[in-house]
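What follows is each chain in one-letter form.
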Amino acid sequence: MKASLKPLLRHLSIAYCLTLAACGGGGGSSAPISFTPSTPNTPTGNTPTETPSANLPSVDISAIAKQDPGSALSADWQKGVFMEIYVRGYKDSDGDGIGDLKGVTQSLDYLKDLGITGIWLMPITKSEDRDHGYAVKDYRDIETDYGKLADLDELLKQAHARGIGIIMDYVMNHSANTNPLFVNSADTTTNTYRNWYVWKDPIPTGWNIYGANPWYSTKNGAYFAGFYSGMPDFNLTNQAVVDYHQSNLRFWLNRGVDGFRFDAVGNLIENNAGAWESQPESVALMGKVQQNIGQYDKRFMVCEAPGNPLLFAASTSCGSAFAFGHNYNLVNAVRGQSNAIQSVANYFNTAPATISTMISNHDSFAGDRLWDQIGGDPNLYRLAAATYLLQPGIPFIYYGEEIGMAGASSLSGDAKLRTPMSWTSNASNAGFSTGAPFRALSANVATQNVAAQASNPDSLLGFYKTLIALRKQRKSLNSGNYQNATVSGNVLSFERQSDAERTLVVLNYNGSASSTIVRSLPANAKLTPLAVGSTALPLATNADGNGVATINLNAKSFAIYQVN
């Protein structure tokens, strides 16, 4: 990530966390937290109580060995397009107004038809808030609102039958403060699990993370919670804690889960008040996690590390991380900002092809839904989608992006982004449930919904289908190299190449028709336009003897050529 992006990301992260009292770990909890610490920065002044409380909850840290069930997926399934799904908001199968795993299973044919080969399920383990899910209470069971372990098994079976892999959200950095492990850890200073979390006595000074002091005083010392008091941080310098998490991962991998999205990996280990983000120990730890997952066939992992995604995307760490920073430039590029267009062009000069790209996601610090960011302009929308789906990387679509879902006009923060999926135009339930949905609907449900677009190839959904299909059909777009990226007058051109197959992409971010010169093509190459949804095809053209071609594009449009 460019150094110039870091202050922006930090500013956005601070604003987000101050608003929602949590970040990285999901944010936006609306449920009450039963464990109430004393005020930060207040010395404890108490003698620790060494008598254990009665009826402490039991703890399951049993070791789990590898039992790989194998994989029926294609060898390159993880190079395709992923859908990020908020299970609570995707599809309700039983009419209680809350999305569930059976609802996702019922939607698999839709996802296959769209061209999706991977699904990221936001947290489905038992959590304190039962909403955003990042305050985990039980790492080895399913949130009851979403179903049972058997429902996950059936989802995996049905997804795999359709060539779709399933990755789960995993939170290693912290748990809920109601997790039995933390309840034991907080009870006395001599509890067996005391060192499973980060404790200090007296309370440290000089700390400031996302605008807040991360230390919270109790009668037995102060614990560290980088995001908010209800999500205390594990002590990941304790090998027993690491072993526990590695066993948890094997628990899910043994059931056939195809990998994980890891939350907040830049916050795993904090060394001191001035060195708490993206520490070398955190990078190395994720490398060991990757080794564990790599023992299983065809598994995939991706990490959330907004502070330094390229550091964690290294093959010796996570192997893939979300391209934070690039997402902001993608949106600003379609708005015509020259510096953003140049940054988009240059990004893959240094970023690996295994980086995971997106326009937005479930966190408000990553931006509003794309529809809201570009004011519902269909040309800008398609241009933005084409840019990141045709560049290298592993694209992640946030559920509803493919139909142009907006946020909920009556909500703010993360809740605004995590609304029920707009399956129909029904103003009461959007086809999401037969009951009353748990949350307000998208602001544009009347027009931007699956039912209105499914049979229309010229719709936004039709556009995504065609573009994803083209990406799957052409190896150069799916996994080819990235070369000759050039910006001229706010027109970006680049080539993707795999063996003899070459694809030229030209994107006009101007608000007027533009002509651009493309160089470095084969001498006398024939450029054959490739169909993309309802986008009008440009005329076929040829390069001259020097490999130079002139491309003419309408305002806010793009062209894709096969280079013969």
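Fair warning: this is a prediction, and the values are worked out from it, not measured in the lab.

### Thoughts on unusual backbone geometry
Then comes step 1: With an omega of 10°, the peptide bond running from D201 to P202 counts as cis.
Then comes step 2: Its location among the elements puts P202 in the loop between β6 (199-200) and β7 (215-218).
Then comes step 3: Phi at K298 is positive, roughly 55°, even though this residue is not glycine.
Then comes step 4: Of the residues examined, K298 reaches a relative accessible area of 27% and is grouped as partly exposed.
Then comes step 5: Even without being a glycine, N524 presents a positive backbone phi close to 60°.
Then comes step 6: Inspection of the secondary structure puts N524 in the loop between β16 (514-518) and β17 (526-529).

### With respect to the state of the cysteines
Then comes step 1: Evaluated as defined, the whole model comprises one disulfide.
Then comes step 2: Paired by a disulfide, C303 and C318 hold their sulfur atoms 2.1 Å apart. Disulfide C303 to C318: torsion about the S-S bond roughly -95°, handedness left-handed. Highlighted residues: C303 in strand β10 (residues 300-303) and C318 in the loop between α8 (309-312) and α9 (326-334), separated in sequence by 15 residues. Each of the two residues, C303 as well as C318, counts as buried.

### Notes on the UniProt feature "domain: Glycosyl hydrolase family 13 catalytic" (unreviewed entry) in the chain
Then comes step 1: UniProt's feature table lists "domain: Glycosyl hydrolase family 13 catalytic" (unreviewed entry) at residues 84-471, given in the numbering used throughout.
Then comes step 2: Between the end C-alpha atoms of residues 84-471 the distance is 19 Å, and the span holds 33% helix and 12% strand.

### Comments concerning the pairing of β16
The side chains of a regular strand alternate between both faces of the sheet.
Then comes step 1: Burial along β16 is one-sided: the face carrying S514, T516 and V518 is buried and the face carrying S515 and I517 is not.
Then comes step 2: Here five bridges tie β16 to strand β19 (residues 549-553), and the two strands are oriented antiparallel to one another. Directly across from S515, in β19, lies its bridge partner N552.

### Section: the packing of aromatic side chains
Then comes step 1: Inspection of the entire model under this criterion finds 40 aromatic pairs.
Then comes step 2: Geometrically, the ring pair formed by F182 and W199 is stacked, given 5.7 Å between the ring centres and 5° between the ring planes. Of this pair, F182 sits in helix α5 (residues 180-187) while W199 sits in strand β6, and the two are 17 residues apart along the sequence.
Then comes step 3: What makes F182 buried here is its relative accessible area of 0%.

### Details of the confidence of the model for the chain
Then comes step 1: Mean pLDDT for the chain: 91, with 90% of residues reaching 70 or above.
Then comes step 2: Here residues 1-49 is modelled with pLDDT under 50, and outside its nearest four sequence neighbours on either side it reaches 119 contacts, counting other chains as well.

### Digging into the pattern of salt bridges
Then comes step 1: In total, this model carries 17 salt bridges according to the counting rule given.
Then comes step 2: A salt bridge links E304 to R261; its shortest N-O distance comes to 3.4 Å. One end of the pair, E304, is in the loop between β10 and α8; the other, R261, is in strand β9 (residues 259-262), with 43 residues separating them in the sequence.
Then comes step 3: Given a relative accessible area of 0%, E304 falls into the buried group.
Then comes step 4: Through salt bridges that share partners, R88, R130, E143 and D145 make up one connected network.

### Digging into the packing of α9 against helix α10 (residues 338-350)
Then comes step 1: Relative to each other, α9 and α10 sit at 135°, their axes nearing to 8 Å. Classified by the angle their axes make, α9 and α10 are oblique. Here α9 runs over α10; the crossing is left-handed. Taking contact as the criterion, the partners of H326, N329, L330, N332 and A333 in α9 are, on α10, A340, I341, S343, V344, Y347 and F348.
Then comes step 2: Considering only residue class, the contact of α9 with α10 consists of seven nonpolar, four polar and no charged.

Here is what the cut-offs are and how they apply
- Within every chain, residues take consecutive numbers counted from 1 along the sequence as written.
- The predicted nature of this model means local features are confined to residues of pLDDT at least 70 and side-chain atom pairs, given and counted, to a pLDDT of 80 or more, with totals for whole chains, interfaces and linings taken over all residues.
- Excluded from the side-chain calculations are hydrogens and water; all other atoms, namely the structure's heavy atoms, are used.
- The numbering of helices and of strands both runs from the N terminus, where a helix is a DSSP run of H or I of at least 4 residues and a strand a run of E of at least 2.
- Each residue gets one of three labels from its accessible area relative to the maximum for its type: buried under 20%, exposed over 50%, partly exposed in between, using a 1.4 Å probe on protein chains only.
- In this description, a disulfide is simply a cysteine sulfur pair whose atoms lie within 2.5 Å.
- UniProt positions are given in the numbering used here, feature names are shortened, and annotations may be inferred rather than shown by experiment.
- When DSSP finds at least two bridges between two strands, those strands are taken to pair.
- Paired rings are identified among Phe, Tyr and Trp, the last through its six-membered ring, by centres lying within 6.5 Å, and are further divided according to the angle between planes into stacked (under 30 degrees), edge-to-face (over 60) and tilted (the rest).
- In predicted models, pLDDT denotes the confidence assigned by the predictor to each residue on a 0 to 100 scale.
- Any pair of residues with heavy atoms lying within 4.5 Å of one another is described as a contacting pair.
- For salt bridges, the criterion is a side-chain nitrogen of Lys or Arg within 4 Å of an Asp or Glu carboxyl oxygen.
- Axis geometry follows a simple rule: fit a line to the C-alpha atoms, using only the stretch in contact for helices, then measure angles between N-to-C directions, giving values from 0 to 180 degrees.
- For this classification, under 35 degrees means roughly parallel, over 145 means roughly antiparallel, 65 to 115 means roughly perpendicular, and everything else is oblique.
- By the definition used in this description, the sense in which the near helix is turned from the far one sets the handedness, with an anticlockwise turn below a right angle giving left-handed and a clockwise turn giving right-handed.
- Residue type decides the class: Asp, Glu, Lys and Arg count as charged, Ala, Val, Leu, Ile, Met, Phe, Trp, Tyr, Cys and Pro as nonpolar, and the leftover types, Gly among them, as polar.

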